[in-house]
Amino acid sequence: MQVRVTGVLVEDGRILLLDQDADSGRSWSLPGGKVEPGETIGRALVREMREETGVEVGVGRLLYVCDHLPGGDIHVVHMTFEVTRIGGTVGAMVAGADTVPIRGVEFVPLAELPALGFADRFVELARAGWPGAGAYMGAKATIGL
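Residues numbered from 1 in each chain as written. Predicted model: local features only at pLDDT ≥ 70, side-chain atom pairs only at ≥ 80, totals over all residues. Heavy atoms only, no water.

## Structural notes on the overall build of the protein
Okay, so step 1: Across its full length, the protein holds two helices and nine strands.
Okay, so step 2: Moving toward the C terminus, one meets the helices and strands of the protein in the order β-β-β-β-β-α-β-β-β-α-β.
Okay, so step 3: Radius of gyration (C-alpha) of the protein: 14 Å, near the 15 Å computed for a compact globule of 145 residues.
Okay, so step 4: The contacts in the protein between residues at least 6 apart in sequence include a share of 66% that link residues at least 24 apart.
Okay, so step 5: In the form shown here, the protein has an accessible surface area of approximately 7,100 Å², with 53% of it arising from carbon and sulfur atoms.
Okay, so step 6: Each charge sign in the protein was given a centre, from 13 positive and 19 negative side chains, and these centres are 3 Å apart. (Helix = DSSP H or I, 4+ residues; strand = E, 2+ residues; numbered from the N terminus. Rg over C-alpha atoms; globule rule 2.2 N^0.38 Å. Contact = heavy atoms within 4.5 Å. Areas by Shrake-Rupley, 256 points an atom, 1.4 Å probe, with all protein chains shown as cover. Lys, Arg positive; Asp, Glu negative; His and termini not counted. Charge placed at Lys NZ, Arg CZ, Asp CG, Glu CD.)

Right, dumping it as structure tokens:
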């Protein structure tokens, strides 16, 4: 079992995304990654956000927990948190820090998410301020990812 953390940073109706191929076939994804051995969940998220986006964040409330079962013996538990920007520069990512190349980092209007491959359900949750925050959502597809 693997644990993966992702951060949702929304400012002025726009969400911070990576231009990076996702395992779902989308070319945009939420920033985040794997929790390393001996690392806390919060430290992993702060590290991943800094490496992938250049942004220093404070970790806020847990938005959701979901499962991803891509096949075989792989089971990934996704934990997604609301984050706030406390410093850094958008786009000042750490070169080579991710195994999947990051082409760019950008704040994208929530209204544009469906055109980028995000399901309407994900957009609804984001616009509504994540009702049910902290809940187990089941399969990753339940939240539109």
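What follows continues from the structure just given.
## Here we look at the packing of aromatic side chains
Okay, so step 1: This model, assessed by the stated rule, comprises three aromatic pairs.
Okay, so step 2: An angle of 35 degrees between the planes, with centres 5.3 Å apart, marks the rings of Phe118 and Phe122 as tilted.
Okay, so step 3: Relative accessible area serves as the criterion here: at 3%, Phe118 is assigned to the buried category.
Okay, so step 4: Pairing Phe122 with Trp130 gives two aromatic rings, centres 5.3 Å apart and planes at 70 degrees, and the pair type is edge-to-face. Of the two residues examined, Phe122 and Trp130, each falls in the buried class.
Okay, so step 5: An aromatic cluster is built from Tyr64, Phe118, Phe122 and Trp130, whose rings are joined through pairwise contacts. (Phe/Tyr/Trp six-rings, centres within 6.5 Å; stacked < 30°, edge-to-face > 60°. Buried < 20%, exposed > 50% of the residue type's maximum accessible area, 1.4 Å probe, protein only.)

## Let's talk about the sheet that holds strand β7 (residues 74-88)
Okay, so step 1: Pairing within the open sheet is mixed, and its five strands lie in the order β5-β1-β7-β6-β9. The open sheet is flanked by β5 (32-34) and β9 (135-139), the only strands paired with a single partner. For this sheet, the mean inter-axis angle between neighbouring strands, taken without regard to orientation, is 25 degrees.
Okay, so step 2: Where strand β1 (residues 2-8) meets β5, three bridges bridge the pair, whose relative direction is antiparallel. Paired with Val5 across the bridge in β5 is Gly33.
Okay, so step 3: In the packing of helix α1 (residues 41-53) onto the sheet, contacts are made with β1, β5, β6 (55-71) and β7, and the angle to β6 comes to roughly 100 degrees. (Pairing = 2+ DSSP bridges. Axes fitted to C-alpha atoms, helices over the stretch in contact; angles between N-to-C directions.)

## Section: the environment of Arg61
Okay, so step 1: Among the structural elements, Arg61 can be located in strand β6.
Okay, so step 2: Considering only alpha carbons, one finds Arg61 and Glu82, 21 residues apart in sequence, at a separation of 5.5 Å.
Okay, so step 3: In contact with Arg61, not counting residues within four places along its chain, are Thr80, Phe81, Glu82, Gly129, Trp130 and Ala133.

## Concerning helix α2 (residues 120-127)
Okay, so step 1: Listed as buried for α2 are Phe122, Val123, Leu125 and Ala126. Viewed end-on, α2 has its buried residues packed into an arc of 160 degrees, placing them on one side of the element. Facing away from the buried side of α2 by more than 90 degrees, the exposed set consists of Asp120 and Arg127.
Okay, so step 2: Buried positions along α2 lie against β3 (14-19), β6 and β9.
Okay, so step 3: A positive phi of about 80 degrees marks Gly129, the residue just after α2. (Arc of directions from axis to C-beta.)

## A short note on the pattern of salt bridges
Okay, so step 1: Applying the stated criterion across every chain, the model contains eight salt bridges.
Okay, so step 2: Measuring nitrogen to oxygen at the nearest pair gives 3.2 Å for the salt bridge that ties Arg50 to Glu56.
Okay, so step 3: Overall, the relative accessible area of 27% leaves Glu56 in the partly exposed class.
Okay, so step 4: Among the ionic pairs, Arg121 bridges to Glu124, the shortest N-O distance being 3.9 Å. With Arg121 and Glu124 both in helix α2 and three residues apart, this pair spans about one turn of that helix.
Okay, so step 5: Glu124 gets classed as partly exposed once you look at its relative accessible area, which sits at 47%.
Okay, so step 6: Ionic contacts of the salt-bridge type, sharing partners, join the residues Glu39, Arg47, Glu48 and Glu51 into one network. (Salt bridge = Lys/Arg side-chain N within 4 Å of Asp/Glu carboxyl O.)

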